Amino acid sequence: MKRLLVIPILTIALLPPVFGQTNSGTTAQNNSVEQEILRLERERLKAFAQADKAAFERLVTDDLTITHGYGEVLNKAQEMAVMRPSTPERPLPALSIEDPKVRVYGDAAVMTGSLVETNRDGRRELVLRFTNTYVKQQAQWRMVAGQLTTLSRERAIAKVDPKIYDAYVGQYRNPRGRILAVMREGDKLMIEVGGQRVEIFPESETQFFFKENDVLLVFVTDEQGRVVRLVNRRPNGDVIQEVKIK
(Lines give C-alpha, C1' and ligand atoms only; values in the text may rest on other atoms or scores of the structure.)
Protein backbone atom coordinates (compact mmCIF):
# COMPACT_ATOMS: atom_id res chain seq x y z
CA MET A 1 0.00 0.00 0.00
CA LYS A 2 2.80 2.35 0.76
CA ARG A 3 4.25 1.93 -2.75
CA LEU A 4 0.92 2.74 -4.37
CA LEU A 5 0.81 6.12 -2.66
CA VAL A 6 4.18 7.21 -4.02
CA ILE A 7 3.13 7.83 -7.62
CA PRO A 8 0.13 10.13 -6.87
CA ILE A 9 2.19 12.08 -4.37
CA LEU A 10 5.04 12.57 -6.84
CA THR A 11 2.59 13.55 -9.58
CA ILE A 12 0.97 16.20 -7.39
CA ALA A 13 4.37 17.48 -6.33
CA LEU A 14 5.38 18.00 -9.96
CA LEU A 15 2.27 19.95 -10.99
CA PRO A 16 3.02 23.41 -9.49
CA PRO A 17 6.32 23.91 -11.38
CA VAL A 18 4.62 22.99 -14.69
CA PHE A 19 1.81 25.49 -14.14
CA GLY A 20 4.31 28.08 -12.99
CA GLN A 21 6.26 27.76 -16.23
CA THR A 22 3.07 28.18 -18.31
CA ASN A 23 2.01 31.33 -16.44
CA SER A 24 5.50 32.73 -16.73
CA GLY A 25 5.49 32.17 -20.49
CA THR A 26 2.07 33.81 -20.88
CA THR A 27 3.13 36.80 -18.76
CA ALA A 28 6.28 37.30 -20.82
CA GLN A 29 4.29 37.13 -24.04
CA ASN A 30 1.73 39.65 -22.77
CA ASN A 31 4.51 42.00 -21.65
CA SER A 32 5.98 41.84 -25.14
CA VAL A 33 2.60 42.69 -26.68
CA GLU A 34 2.07 45.54 -24.23
CA GLN A 35 5.38 47.12 -25.24
CA GLU A 36 4.50 46.65 -28.91
CA ILE A 37 1.12 48.34 -28.50
CA LEU A 38 2.71 51.26 -26.64
CA ARG A 39 5.29 51.66 -29.41
CA LEU A 40 2.60 51.59 -32.10
CA GLU A 41 0.49 54.13 -30.22
CA ARG A 42 3.40 56.56 -30.10
CA GLU A 43 4.07 55.97 -33.79
CA ARG A 44 0.43 56.69 -34.59
CA LEU A 45 0.45 59.96 -32.64
CA LYS A 46 3.68 60.98 -34.36
CA ALA A 47 2.19 60.18 -37.76
CA PHE A 48 -0.91 62.24 -36.93
CA ALA A 49 1.14 65.21 -35.68
CA GLN A 50 3.34 65.16 -38.80
CA ALA A 51 0.42 64.52 -41.18
CA ASP A 52 2.17 61.34 -42.32
CA LYS A 53 -0.90 59.70 -43.85
CA ALA A 54 0.97 56.68 -45.19
CA ALA A 55 2.27 55.78 -41.72
CA PHE A 56 -1.09 56.51 -40.09
CA GLU A 57 -2.94 54.31 -42.59
CA ARG A 58 -0.54 51.44 -41.90
CA LEU A 59 -1.21 51.63 -38.15
CA VAL A 60 -5.02 51.59 -38.20
CA THR A 61 -7.69 49.32 -39.66
CA ASP A 62 -9.86 50.29 -42.62
CA ASP A 63 -12.96 50.33 -40.38
CA LEU A 64 -11.37 52.59 -37.74
CA THR A 65 -13.72 54.77 -35.68
CA ILE A 66 -12.68 57.42 -33.15
CA THR A 67 -15.16 59.10 -30.81
CA HIS A 68 -13.76 62.50 -29.84
CA GLY A 69 -14.21 64.35 -26.57
CA TYR A 70 -16.85 66.62 -28.10
CA GLY A 71 -18.97 63.61 -29.17
CA GLU A 72 -18.25 63.51 -32.91
CA VAL A 73 -17.45 60.08 -34.38
CA LEU A 74 -14.91 60.06 -37.23
CA ASN A 75 -14.01 57.17 -39.52
CA LYS A 76 -10.59 56.53 -41.00
CA ALA A 77 -11.05 58.82 -44.01
CA GLN A 78 -12.47 61.66 -41.89
CA GLU A 79 -9.68 61.34 -39.33
CA MET A 80 -7.04 61.53 -42.06
CA ALA A 81 -8.81 64.49 -43.68
CA VAL A 82 -8.20 66.73 -40.64
CA MET A 83 -4.51 65.86 -40.39
CA ARG A 84 -2.15 68.73 -41.14
CA PRO A 85 1.51 69.52 -40.37
CA SER A 86 2.43 72.08 -37.74
CA THR A 87 3.55 75.44 -39.15
CA PRO A 88 4.77 78.69 -37.51
CA GLU A 89 1.50 80.33 -38.55
CA ARG A 90 -0.65 77.44 -37.30
CA PRO A 91 1.39 75.55 -34.70
CA LEU A 92 0.10 72.28 -33.34
CA PRO A 93 0.58 71.30 -29.68
CA ALA A 94 3.03 68.55 -28.74
CA LEU A 95 1.35 65.22 -27.92
CA SER A 96 2.42 62.89 -25.13
CA ILE A 97 1.02 59.83 -23.32
CA GLU A 98 0.79 59.53 -19.55
CA ASP A 99 -0.04 56.51 -17.36
CA PRO A 100 -0.47 54.02 -20.23
CA LYS A 101 -1.89 50.59 -19.45
CA VAL A 102 -2.45 47.69 -21.86
CA ARG A 103 -4.58 44.59 -21.35
CA VAL A 104 -4.18 41.73 -23.82
CA TYR A 105 -7.01 39.38 -24.79
CA GLY A 106 -5.59 36.98 -27.36
CA ASP A 107 -5.64 38.81 -30.71
CA ALA A 108 -7.17 41.95 -29.13
CA ALA A 109 -5.69 44.52 -26.75
CA VAL A 110 -7.17 47.51 -24.92
CA MET A 111 -4.98 50.48 -24.08
CA THR A 112 -5.95 53.24 -21.64
CA GLY A 113 -4.15 56.37 -20.50
CA SER A 114 -4.06 60.15 -20.75
CA LEU A 115 -3.26 62.11 -23.90
CA VAL A 116 -1.70 65.49 -23.10
CA GLU A 117 -1.41 68.45 -25.48
CA THR A 118 1.34 70.92 -24.54
CA ASN A 119 1.73 74.28 -26.26
CA ARG A 120 4.95 76.05 -27.20
CA ASP A 121 5.40 77.75 -23.81
CA GLY A 122 5.19 74.39 -22.03
CA ARG A 123 1.65 74.84 -20.71
CA ARG A 124 -0.56 71.74 -20.59
CA GLU A 125 -3.33 72.98 -22.84
CA LEU A 126 -5.54 69.91 -22.98
CA VAL A 127 -5.75 66.58 -21.15
CA LEU A 128 -7.84 63.75 -22.58
CA ARG A 129 -8.56 60.29 -21.22
CA PHE A 130 -8.42 57.66 -23.96
CA THR A 131 -9.39 54.04 -24.49
CA ASN A 132 -8.01 52.52 -27.69
CA THR A 133 -8.66 49.01 -28.98
CA TYR A 134 -6.10 47.16 -31.09
CA VAL A 135 -6.58 43.94 -33.06
CA LYS A 136 -4.03 41.61 -34.61
CA GLN A 137 -4.51 41.19 -38.35
CA GLN A 138 -2.09 39.17 -40.47
CA ALA A 139 0.53 39.26 -37.69
CA GLN A 140 0.24 43.07 -37.45
CA TRP A 141 -1.34 44.99 -34.57
CA ARG A 142 -3.60 47.85 -35.69
CA MET A 143 -5.93 50.27 -33.93
CA VAL A 144 -9.60 49.60 -34.68
CA ALA A 145 -11.42 51.97 -32.30
CA GLY A 146 -10.73 54.89 -29.99
CA GLN A 147 -12.65 56.87 -27.37
CA LEU A 148 -11.51 60.27 -26.07
CA THR A 149 -12.91 62.11 -23.04
CA THR A 150 -11.85 65.67 -22.22
CA LEU A 151 -10.59 65.94 -18.64
CA SER A 152 -9.32 69.52 -18.55
CA ARG A 153 -8.70 72.48 -20.81
CA GLU A 154 -6.09 74.92 -19.51
CA ARG A 155 -7.14 78.30 -20.82
CA ALA A 156 -6.65 81.42 -18.74
CA ILE A 157 -9.21 84.22 -18.84
CA ALA A 158 -7.51 87.43 -19.94
CA LYS A 159 -8.27 90.83 -18.40
CA VAL A 160 -9.68 93.04 -21.13
CA ASP A 161 -11.75 96.23 -21.22
CA PRO A 162 -15.42 95.18 -21.72
CA LYS A 163 -15.87 98.25 -23.93
CA ILE A 164 -14.22 96.32 -26.78
CA TYR A 165 -17.22 93.96 -26.76
CA ASP A 166 -19.38 96.62 -28.43
CA ALA A 167 -17.53 96.13 -31.72
CA TYR A 168 -18.29 92.40 -31.68
CA VAL A 169 -22.03 92.71 -31.11
CA GLY A 170 -24.06 91.66 -34.15
CA GLN A 171 -25.13 88.70 -36.27
CA TYR A 172 -22.80 86.29 -38.07
CA ARG A 173 -23.74 83.80 -40.80
CA ASN A 174 -21.80 80.63 -41.61
CA PRO A 175 -21.60 78.99 -45.10
CA ARG A 176 -24.62 76.80 -44.30
CA GLY A 177 -26.77 79.81 -43.50
CA ARG A 178 -26.90 79.39 -39.73
CA ILE A 179 -27.10 82.70 -37.88
CA LEU A 180 -25.05 83.23 -34.72
CA ALA A 181 -25.84 86.27 -32.56
CA VAL A 182 -23.24 88.02 -30.38
CA MET A 183 -24.47 90.37 -27.66
CA ARG A 184 -23.16 92.20 -24.64
CA GLU A 185 -24.72 91.86 -21.21
CA GLY A 186 -22.98 94.26 -18.85
CA ASP A 187 -19.36 93.13 -18.68
CA LYS A 188 -20.11 89.80 -20.35
CA LEU A 189 -19.96 88.79 -24.01
CA MET A 190 -22.63 86.27 -24.97
CA ILE A 191 -23.32 83.97 -27.93
CA GLU A 192 -26.81 82.88 -28.92
CA VAL A 193 -27.48 79.96 -31.26
CA GLY A 194 -30.86 78.31 -31.66
CA GLY A 195 -32.33 80.20 -28.72
CA GLN A 196 -29.57 79.14 -26.31
CA ARG A 197 -27.41 81.89 -24.84
CA VAL A 198 -23.91 81.10 -23.52
CA GLU A 199 -21.14 83.31 -22.15
CA ILE A 200 -17.77 83.31 -23.92
CA PHE A 201 -14.55 84.29 -22.16
CA PRO A 202 -11.59 86.33 -23.48
CA GLU A 203 -8.25 84.62 -24.06
CA SER A 204 -7.09 87.89 -25.63
CA GLU A 205 -8.82 90.99 -26.99
CA THR A 206 -9.84 89.12 -30.15
CA GLN A 207 -9.97 85.44 -29.09
CA PHE A 208 -12.74 83.95 -26.95
CA PHE A 209 -13.60 80.46 -25.72
CA PHE A 210 -16.34 78.42 -24.07
CA LYS A 211 -15.66 76.92 -20.65
CA GLU A 212 -17.69 73.77 -21.37
CA ASN A 213 -16.68 73.25 -25.00
CA ASP A 214 -13.37 73.10 -26.83
CA VAL A 215 -14.18 75.87 -29.32
CA LEU A 216 -12.12 79.00 -30.00
CA LEU A 217 -13.77 82.08 -31.55
CA VAL A 218 -11.60 84.72 -33.21
CA PHE A 219 -12.99 88.13 -34.27
CA VAL A 220 -11.35 89.50 -37.43
CA THR A 221 -11.24 93.15 -38.48
CA ASP A 222 -10.61 94.84 -41.83
CA GLU A 223 -8.06 97.58 -42.56
CA GLN A 224 -10.42 100.18 -41.10
CA GLY A 225 -10.68 98.27 -37.83
CA ARG A 226 -14.26 97.11 -38.39
CA VAL A 227 -15.20 93.59 -37.35
CA VAL A 228 -16.07 91.72 -40.55
CA ARG A 229 -16.15 88.05 -39.58
CA LEU A 230 -15.84 85.48 -36.84
CA VAL A 231 -13.47 82.51 -37.21
CA ASN A 232 -14.88 79.44 -35.48
CA ARG A 233 -12.11 76.93 -34.71
CA ARG A 234 -13.68 73.53 -33.96
CA PRO A 235 -12.11 70.78 -31.80
CA ASN A 236 -11.62 68.49 -34.83
CA GLY A 237 -9.45 71.09 -36.57
CA ASP A 238 -12.20 72.53 -38.81
CA VAL A 239 -12.17 76.29 -39.31
CA ILE A 240 -15.54 77.88 -40.08
CA GLN A 241 -15.71 81.44 -41.38
CA GLU A 242 -18.79 83.29 -40.11
CA VAL A 243 -19.43 86.58 -41.93
CA LYS A 244 -20.84 89.54 -40.00
CA ILE A 245 -24.14 90.55 -41.63
CA LYS A 246 -25.50 93.02 -39.08
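Model, not experiment: these values are computed from the prediction. (Residues numbered from 1 in each chain as written. Predicted model: local features only at pLDDT ≥ 70, side-chain atom pairs only at ≥ 80, totals over all residues. Heavy atoms only, no water.)

1. Overview of the side chain of lysine 76
Line of reasoning, step 1. Position of lysine 76 relative to the elements: it lies in helix α3 (residues 76-81).
Line of reasoning, step 2. Each residue touching lysine 76, except ones within four places of it in the same chain, is listed here: Glu57, Val60, Thr61, Asp62 and Leu64. (Helix = DSSP H or I, 4+ residues; strand = E, 2+ residues; numbered from the N terminus. Contact = heavy atoms within 4.5 Å.)

2. A word on the packing of aromatic side chains
Line of reasoning, step 1. This model, assessed by the stated rule, comprises seven aromatic pairs.
Line of reasoning, step 2. Considering the side-chain rings of phenylalanine 48 and phenylalanine 56, the 6.3 Å spacing of their centres and the 55° angle between planes classify their relative orientation as tilted.
Line of reasoning, step 3. Centroid distance tyrosine 168 to phenylalanine 219: 4.1 Å. Interplanar angle 15°. Geometry classified as stacked. Here tyrosine 168, found in the loop between β6 (140-153) and β7 (170-173), pairs with phenylalanine 219, found in strand β12 (residues 216-221); they are 51 residues apart in sequence, far enough to count as distant.
Line of reasoning, step 4. The exposure class of phenylalanine 219 is buried, given its relative accessible area of 3%.
Line of reasoning, step 5. Aromatic ring contacts, followed pair by pair, group Tyr165, Tyr168, Tyr172, Phe208 and Phe219 into a single cluster. (Phe/Tyr/Trp six-rings, centres within 6.5 Å; stacked < 30°, edge-to-face > 60°. Buried < 20%, exposed > 50% of the residue type's maximum accessible area, 1.4 Å probe, protein only.)

3. What to know about the side chain of glutamate 79
Line of reasoning, step 1. With respect to the helices, strands and loops of the structure, glutamate 79 is situated in helix α3.
Line of reasoning, step 2. The buried charged residue glutamate 79 lacks any salt bridge partner; its closest oppositely charged side chain belongs to arginine 44, at an N-O distance of 5.8 Å.
Line of reasoning, step 3. Setting aside residues up to four positions removed in sequence, glutamate 79 forms contacts with Phe48, Phe56, Ile66, His68 and Leu74. (Lys, Arg positive; Asp, Glu negative; His and termini not counted. Salt bridge = Lys/Arg side-chain N within 4 Å of Asp/Glu carboxyl O.)

4. Observations regarding a nonpolar patch on the surface
Line of reasoning, step 1. Taken together, the side chains of Ile179, Val243 and Ile245 present a nonpolar region at the surface, about 220 Å² in accessible area.
Line of reasoning, step 2. Note on placement: isoleucine 245 falls in the segment after β14 (239-244). (Patch = residues over 30% accessible without salt bridge, like charges linked within 9 Å, V, L, I, M, F, W, Y side chains within 5 Å. Areas by Shrake-Rupley, 256 points an atom, 1.4 Å probe, with all protein chains shown as cover.)

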